[in-house]
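Descriptive structure summary
Below, each chain spelled out in residue letters.
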Amino acid sequence: MYEGDDNNLDAAPPEETSNRTFLIAAGILGAIVLLSLACIAGYVLIVRPQQLAQQEQASSAQATQAAQIGQALTATFAAQIVPTATLPPTFTPVVAQASPTLVPSTPTSDPATATVGAALTQAAVAQLTVVPTSSALPGTGIADQFGFPGLVVLTVALLVVILLARRLRATPLNNR
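This one's a predicted model, so the numbers in the text were calculated from it and none came from an experiment.

**Details of the overall build of the chain**
A count of helical and extended segments in the chain gives three helices and zero strands. Walking the chain from its N terminus toward its C terminus, one meets helices and strands in the order α-α-α. Out of the 176 residues in the chain, the part that is buried amounts to 2%. Total accessible area computed for the chain in this model is approximately 16800 Å², and 66% of it derives from carbon and sulfur atoms.

**Focus: a nonpolar patch on the surface**
Taken together, the side chains of Val33, Leu34, Leu37, Ile40, Tyr43, Val44, Leu45, Ile46 and Val47 make up a nonpolar region of the molecular surface, amounting to roughly 890 Å² of accessible area. By secondary structure assignment, the location of isoleucine 46 is in helix H1 (residues 20-80). In this structure isoleucine 46 comes out as exposed when scored by relative accessible area, which is 52%.

**What about the side chain of threonine 76?**
Mapping threonine 76 onto the fold places it in helix H1. Apart from residues no more than four positions distant in its own chain, threonine 76 is found in contact with Ala112 and Val116.

**Thoughts on helix H3 (residues 142-170)**
Given 3.6 residues per helical turn, the α-helix brings residues three or four places apart onto the same face. Compared with the 42 Å implied by 1.5 Å per residue over 29 residues, the 34 Å span of H3 between its first and last C-alpha is markedly short. Of all the bends in H3, the largest measures some 80 degrees and sits at phenylalanine 148, one to four residues before the proline proline 149.

**As for the packing of H1 against helix H2 (residues 111-128)**
Remark: H1 packs on H2, axes separated minimally by 10 Å, with the N-to-C direction vectors making an angle of 130 degrees. The orientation of H1 with respect to H2, classified from their angle, is oblique. You can see that H1 and H2 cross each other, and the crossing is left-handed. Here Leu73, Thr76, Phe77 and Gln80 of H1 lie close against H2, whose contacting residues are Ala112, Thr113, Thr115, Val116 and Ala119. Among the residues forming the contact of H1 with H2, the class breakdown is five nonpolar, four polar and no charged.

**Section: the confidence of the model for the chain**
Taken residue by residue, the chain gives an average pLDDT of 80. The fraction at 70 or more is 81%. The least confident element of the chain, judged by mean pLDDT, is H2 at 81; the most confident is H1 at 91.

**Examining the environment of alanine 75**
Position of alanine 75 relative to the elements: it lies in helix H1. With 37 residues separating them along the chain, alanine 75 and alanine 112 place their C-alpha atoms 9.8 Å apart.

Definitions and cut-offs
- Residues numbered from 1 in each chain as written.
- Predicted model: local features only at pLDDT ≥ 70, side-chain atom pairs only at ≥ 80, totals over all residues.
- Heavy atoms only, no water.
- Helix = DSSP H or I, 4+ residues; strand = E, 2+ residues; numbered from the N terminus.
- Buried < 20%, exposed > 50% of the residue type's maximum accessible area, 1.4 Å probe, protein only.
- Areas by Shrake-Rupley, 256 points an atom, 1.4 Å probe, with all protein chains shown as cover.
- Patch = residues over 30% accessible without salt bridge, like charges linked within 9 Å, V, L, I, M, F, W, Y side chains within 5 Å.
- Salt bridge = Lys/Arg side-chain N within 4 Å of Asp/Glu carboxyl O.
- Contact = heavy atoms within 4.5 Å.
- Expected span 1.5 Å × (residues − 1).
- Bend = angle between axes of the 7 residues up to and from the residue.
- Axes fitted to C-alpha atoms, helices over the stretch in contact; angles between N-to-C directions.
- Parallel < 35°, antiparallel > 145°, perpendicular 65-115°, else oblique.
- Left-handed = near helix turned anticlockwise from the far one by under 90°.
- Nonpolar A, V, L, I, M, F, W, Y, C, P; charged D, E, K, R; others polar.
- pLDDT = per-residue confidence, 0-100.

Here it is in structure tokens:
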């Protein structure tokens, strides 16, 4: 049986002498914040300029390639439309004689004509190709799953937890 001093019931609880745990936790959190800021600065100053340079280099290479293809197609087309010297027509009597005609199995065509035809076909297909684009925002994230009312309820619940924790810390040990 405890026979302690019951006369001192109104005395205040003893004062805490040290907040060492709190200072250690605050120091760790501060170090994490400073480390994350250093990482963000490193990304912005080192990594992102390299990515931008690579993107710019790739786009300039693509533009150069497109210009070369355009020049080649223009040169090929210009070579086809150069006028040639032709002799004036002469009167030649037509002899009406039936003869068998041979149909070639493969059409003979100029390779330059085939190149221009293929390029024009690819250009027409590219213009007709439908490129799918997104017209809606993605449906991921906490706001999309729970909506605004869910976020309000979650906010209120967290505020209640904070207030209860503060209340429990503020009550003396004798009343529990």
